Structure formats: structure tokens, C-alpha cells
Amino acid sequence: MQLIDTHVHINFKNFDADRQAVSQRWREAGVVGLVHSCVEPSEFAQMQALADQFPELYLSVGLHPLDADKWTQQTEAEVFSSAQNERRVVAIGEMGLDFYKAENQQQQKMVFAAQLAIAHQLNKSIIIHCRDAAAAMREQLQDFWQQVGAVKGVMHCWSGNPEEMKWFLDLGFYISFSGIVTFKKAADVQESARLVPSDRLLVETDCPFLAPVPLRGQRNEPAFVRQVAECVAQLRGVSLEAIATQTTYNACNLFNLDISPPVMG
């Protein structure tokens with residue numbers, strides 16, 4: 001059985017003491033590929049070094065919306081150059097809109113638009129972070145689709161409701177579920193996991209954040225994507241193997257991963 005964790009941050013300091021052991025556990029759990037998301041370009045060299053160490057690691061590059069005030073022409077050039085010249089970059093991101101306690105909504109929209117343009121120009125998938133901003137996100141994506149063209153990508157760490165999910169499915173997006181789907185009070189996320197079309201479904205950890213039940217409260221790590229997949233399987237009334245096969249196939253398709261995808265029945 002193969003699994004792909006489509007969103008990790010294993011460069012964070014709380015992995016420094018035991019990163020090798022963490023990698024051993026993800027391999028034992030069947031994780032054959034990981035997409036390492038990027039918060040800001042300054043961490044990209046460290047991410048490249050980790051990909052040298054762990055060949056199953058793929059990279060993204062971008063600027064998180066909560067760091068939108070760090071965007072400059074140099075930042076834009078760094079994102080473009082890294083995505084164009086590093087063969088292991090499979091996506092731009094994570095990027096998007098986060099209006100939770102945010103006072104810089106217009107700046108976030110500007111930075112998001114700039115990264116959408118890079119992804120479109122380089123034909124890269126996008127990894128979208130969206131918090132308390134679904135309506136604005138939908139509007140901006142629709143405008144970009146009409147004025148420039150479509151970009152493929154994923155709504156990572158889905159935390160919305162089924163109606164909002166349909167907005168992004170209609171724009172061609174994949175929906176990725178994290179440990180949130182295992183939380184007792186996450187009824188909207190769980191209903192989304194039941195309803196999402198099989199060919200748009202992904203799983204992730206977003207580690208070190210959001211460890212799934214029954215591991216909630218611990219540092220999250222890629223091996224725990226298995227618990228996420230198990231929960232999604234239960235919600236959809238299918239086997240873990242079926243979810244693993246489908247989500248691995250989907251991840252390979254979205255990110256053009258050089259992993260032999262499973263054969264779909």
C-alpha cells in the first residue's frame with residue numbers, strides 16, 4: 001500500500017532532533033512521496049538540502065499569505081527562478097488568503113495574484129491556503145481564470161463546508177484533507193470528505209500541525225497521514241487500500257510526480 005502526504009513542513013525546528021527516525025516511520029507507514037510546502041522563499045535552500053537527503057521529497061516554493069508583507073520584486077524573482085530551475089519543484093505555494101485577524105486583505109490579494117501568474121506562466125500546480133476567505137478566494141480565482149487562464153491546484157487542509165467545496169471543485173481544484181477530518185466537531189469537513197469526487201481527493205498531514213485523532217496534541221508527522229486516510233475511508237465506506245490507491249494516483253496526476261502511480265480499477 002502506498003500513500004502520499006501532499007503537505008508537510010519537515011524543515012521546522014521541532015524535527016531537528018529526530019528527522020531520520022521520522023523518515024523511517026513514514027516509510028514503514030507506506031508513505032512513498034511527500035510534497036514539502038514553502039512558507040517563504042528564504043527556507044527554500046534548506047528544503048532543497050532535505051530533498052537531497054530524502055529522495056521521496058518533492059518541493060513547492062511560494063509565500064504564505066500571513067507573510068504577504070514580505071513580498072518584494074526580489075521575492076517574486078526568487079519564486080520564479082526557483083520554480084523554473086529546480087526540477088523537484090512541483091508546485092507554487094503555499095499561497096492564498098488568510099483573513100483570520102488580518103488587516104492586509106488587499107495586500108494578500110496582490111501577492112496571491114502575482115503567484116498565480118507565476119504558476120500560470122510556468123505551468124505549475126498551486127497549493128492554496130484559505131482561511132476565513134472562501135468567498136474572496138472564489139472571486140479572485142474566477143477573475144484570474146477569465147482574464148488570464150486556469151491553473152490547476154489543491155485547496156490544502158480543507159476546513160470549509162460542502163457548498164464552498166463545490167465552488168472550488170467547479171474551478172477544477174483538488175481537495176486535500178488533514179487531521180482536521182478526524183476531529184469530533186469537524187462535521188462540515190467530514191461531510192465534505194464524504195461528498196468529494198474520488199478523482200479530486202487528496203490526503204495530507206500539514207505536519208507538524210494538526211495531528212489526527214487519536215494522536216491529537218502531539219507533534220504531527222508524515223506517518224500519521226495513514227490515520228487521516230483511515231478516517232476518510234471510514235467516512236466514505238471504503239477500504240483504506242482503496243483510499244490509498246486513489247489519493248496516490250491523484251497526487252501523481254496533479255503534481256506530475258515521478259512515482260509509478262497505482263493501477264486504478
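In this report, the structure presented in the accompanying data block is examined. (Residues numbered from 1 in each chain as written. Predicted model: local features only at pLDDT ≥ 70, side-chain atom pairs only at ≥ 80, totals over all residues. Heavy atoms only, no water.)

Considerations on the pattern of salt bridges
Selection criterion: Any Lys or Arg side-chain nitrogen found within 4 Å of a carboxyl oxygen on Asp or Glu counts as a salt bridge. Helix numbers and strand numbers start at the N terminus; a helix is a DSSP run of H or I with at least 4 residues, a strand a run of E with at least 2. Accessible area is worked out with a 1.4 Å probe on protein chains only. A residue is then buried under 20% of its type maximum, exposed over 50%, and partly exposed in between.
In this structure the tally under the stated criterion is 13 salt bridges. In this structure, the salt-bridge partner of E221 is R25, at a minimum N-O distance of 2.7 Å. With E221 in the loop between β8 (201-203) and α8 (225-236) and R25 in helix α1 (residues 19-28), this pair connects stretches of sequence that are 196 residues apart. Residue K166 pairs with D170 through a salt bridge whose shortest N-O separation is 3.0 Å. A residue pair is termed a helical-turn pair when its members lie 3 or 4 positions apart in one helix, as K166 and D170 do in helix α6 (residues 162-170) at four residues. Looking at K166, the relative accessible area reads 48%, which means it is partly exposed. Connected via shared salt-bridge partners are D18, R25, R219 and E221.

What to know about the nonpolar core
Heads up, the condition is: Side-chain atoms within 4.5 Å link the members of a nonpolar core, which is a set of buried Ala, Val, Leu, Ile, Met, Phe, Trp, Tyr and Cys residues.
Core analysis: the biggest nonpolar cluster contains 80 residues, and L141, F168 and F177 have the highest contact counts within it. Judged by nonpolar contacts, the second largest core, of 15 residues, contains V90, L202, C252 and I259.

Quick look at the pairing of strand β5 (residues 125-131)
So the rule is basically this: At least two bridges found by DSSP between two strands are what make those strands a pair. Handedness of a crossover is defined as follows: orient the strands so they point away from the viewer, and if the path from the first strand over the helix to the second runs clockwise, the crossover is right-handed.
Most of β5 sits out of view: five of its seven residues are buried. Inspection of the sheet shows strand β4 (residues 89-98) paired to β5 by six bridges, in the parallel sense. Paired with I92 across the strands is I126, a residue of β5. For the crossover from β4 across helix α4 (residues 105-122) to β5, the handedness is right-handed. Inspection of the sheet shows β5 paired to strand β6 (residues 153-155) by three bridges, in the parallel sense.

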